[in-house]
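Observations on the three-dimensional arrangement
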Amino acid sequence: MALTWETIREGDVLPELKKRPGVTQLVKYAAGSGDFNPLHHDFQFPQAKQLGSIIVHGRFKYAALGELVSNWLGHAGRIRKISCQYRAMDFPDREFVCRGTVTRKWEERGERLVALAIWTESDDGKKTTPGEAIVALRA
Amino acid sequence: MAKEFELTDEMRKAIGSASPPWTYEVTTTSVRAFARGVGYTDPVYFDADAAQRAGYRSLPAPPTYLGTPVFLPGRSHEIFSVPTEGQPIVKHGLKGLLDGGTETEYFADVCAGDTLTVVSRLVNLEVRESKALGAMLITTQKTTYTNQDGEVVAVQTGQAIYY
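So, a few notes on the structure that sits alongside this text. Note that the structure is a prediction, hence the values are computed from the model and not measured. (Residues numbered from 1 in each chain as written. Chains lettered and ligands numbered in written order. Predicted model: local features only at pLDDT ≥ 70, side-chain atom pairs only at ≥ 80, totals over all residues. Heavy atoms only, no water.)

Describing the packing of helix α3 (residues 58-73) of chain A against helix α2 (residues 28-38) of chain B
Interaxial distance between α3(A) and α2(B) falls to 9 Å at its minimum, and their mutual angle equals 95 degrees. In terms of their interaxial angle, α3(A) and α2(B) are classed as roughly perpendicular. Of α2(B), the residues touching α3(A) (which contributes Phe60(A), Ala63(A), Ala64(A) and Glu67(A)) are Phe34(B), Gly37(B) and Val38(B). Considered class by class, the residues forming the contact of α3(A) with α2(B) number 5 nonpolar, 1 polar and 1 charged. (Axes fitted to C-alpha atoms, helices over the stretch in contact; angles between N-to-C directions. Helix = DSSP H or I, 4+ residues; strand = E, 2+ residues; numbered from the N terminus. Parallel < 35°, antiparallel > 145°, perpendicular 65-115°, else oblique. Contact = heavy atoms within 4.5 Å. Nonpolar A, V, L, I, M, F, W, Y, C, P; charged D, E, K, R; others polar.)

As structure tokens, then:
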């Protein structure tokens, strides 16, 4: 059944989305996004050598948070706004989990809106990419 | 790692400057490539019939994807694919680069078949200290995406960190 504004409650938890991007996944993301920064695929790149590894694109994590919200919403509405901050790095072949909760629900100019807190959590429990989203429900 | 960094008048002058418009394409291939790159399994981003059943004109751009800048050799950035001509330039000399944060506001659907005209504006420069990275320059860029019907479909604000 499609998600509706009426049935959403503040405090609802979104189904989590697990990600464990390896180098190949990051290369696919580079091609899909057009971001070919070698920091995300070339272990010999000076900045990667300095860090001891390549790192996951911040924007990959942003896009994964987009996927989290999209999967939950199931096209029963539209994302109006989505944001995040890249607070710490994530590394390839390490799991991170995308999570979200409903923080607010309100009506504004005839639109049925819901605000979400969203974030990625690394395997050491660190919230590396906290963010927010606002979605408008169709019904 | 830079120990000290100060904004110069020349850098401050760049605040407010905007790029010339550039074309970003949203195609079925580019939508699928982005969705595949993120790891989506939702057929709406891959299959035109599934997209239409879900109420879209054609394959929708996944959240956080706003088309791919048309790449022209010599006029586009080799690494980031964005246009290089006439972009706001801040000559800071810092070598390290990290992404700081991104916010996207949507005003309409973006779907395969759309051609977006994109203008990016430098809206802020700020110097901050980090224990790990030393002096950092944080640039804030606001990018406006307008579709083929003249409708602003999205505005994206992003921070880049130079150190």
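A look at the pattern of salt bridges
By the definition in use, this model includes 16 salt bridges over all chains. With a closest N to O distance of 2.6 Å, Arg78(A) and Asp109(B) form a salt bridge. With one member in each of two chains, Arg78(A) in strand β2 (residues 77-85) and Asp109(B) in the loop between β3 (97-106) and β4 (115-130) form a pair that bridges those chains. Taking relative accessible area as the criterion, Arg78(A) reaches 18% and is therefore assigned buried. With a relative accessible area of 26%, Asp109(B) lands in the partly exposed category. Among the ionic pairs, Glu107(A) bridges to Arg112(A), the shortest N-O distance being 3.9 Å. Taking relative accessible area as the criterion, Arg112(A) reaches 25% and is therefore assigned partly exposed. Where salt bridges share partners, they join Glu16(A), Lys18(A), Arg99(A) and Glu121(A) into one cluster. (Salt bridge = Lys/Arg side-chain N within 4 Å of Asp/Glu carboxyl O. Buried < 20%, exposed > 50% of the residue type's maximum accessible area, 1.4 Å probe, protein only.)

Looking at the side chain of Ser81(B)
Looking at the secondary structure, you find Ser81(B) in the loop between β2 (68-69) and β3. There is a polar contact of 2.6 Å between the side chain of Ser81(B) and the backbone oxygen of Gly34(A). Leaving out residues up to four positions away in the same chain, Ser81(B) has contacts with Gly34(A), Phe36(A), Pro69(B), Phe71(B) and Ser76(B). (Polar contact = N/O pair within 3.5 Å; in protein donor to acceptor, adjacent residues only side chain to side chain.)

Some details on the pairing of β2(A)
Pairing of β2(A) with strand β5 (residues 127-137) of chain A, which is carried by 7 bridges, proceeds in the antiparallel orientation. Pairing of Ile79(A) across the sheet is with Val135(A), part of β5(A). Where β2(A) lies against β3(B), 5 bridges are found, and the strand directions are antiparallel. Each bridged residue has a counterpart across the sheet, and for Ile82(A) the counterpart in β3(B) is Thr104(B). (Pairing = 2+ DSSP bridges.)

Some remarks on the interface of chain A and chain B
Contact residues are listed per partner, giving 35 residues for chain A and 35 residues for chain B. Counting each side, the surface lost to burial between chain A and chain B is near 2900 Å², with a carbon and sulfur contribution of 50%. Inspection of the chain A/chain B interface yields 2 salt bridges. Where chain A packs against chain B, one counts 22 residue pairs in polar contact (both at pLDDT 80 or more). The element best represented in the side of chain A that touches chain B is α3(A), accounting for 9 residues. Classifying every residue of the side of chain A that touches chain B gives 14 nonpolar, 13 polar and 8 charged. (Buried area = accessible area lost by both parts, 1.4 Å probe.)

Geometry only, nothing functional implied.
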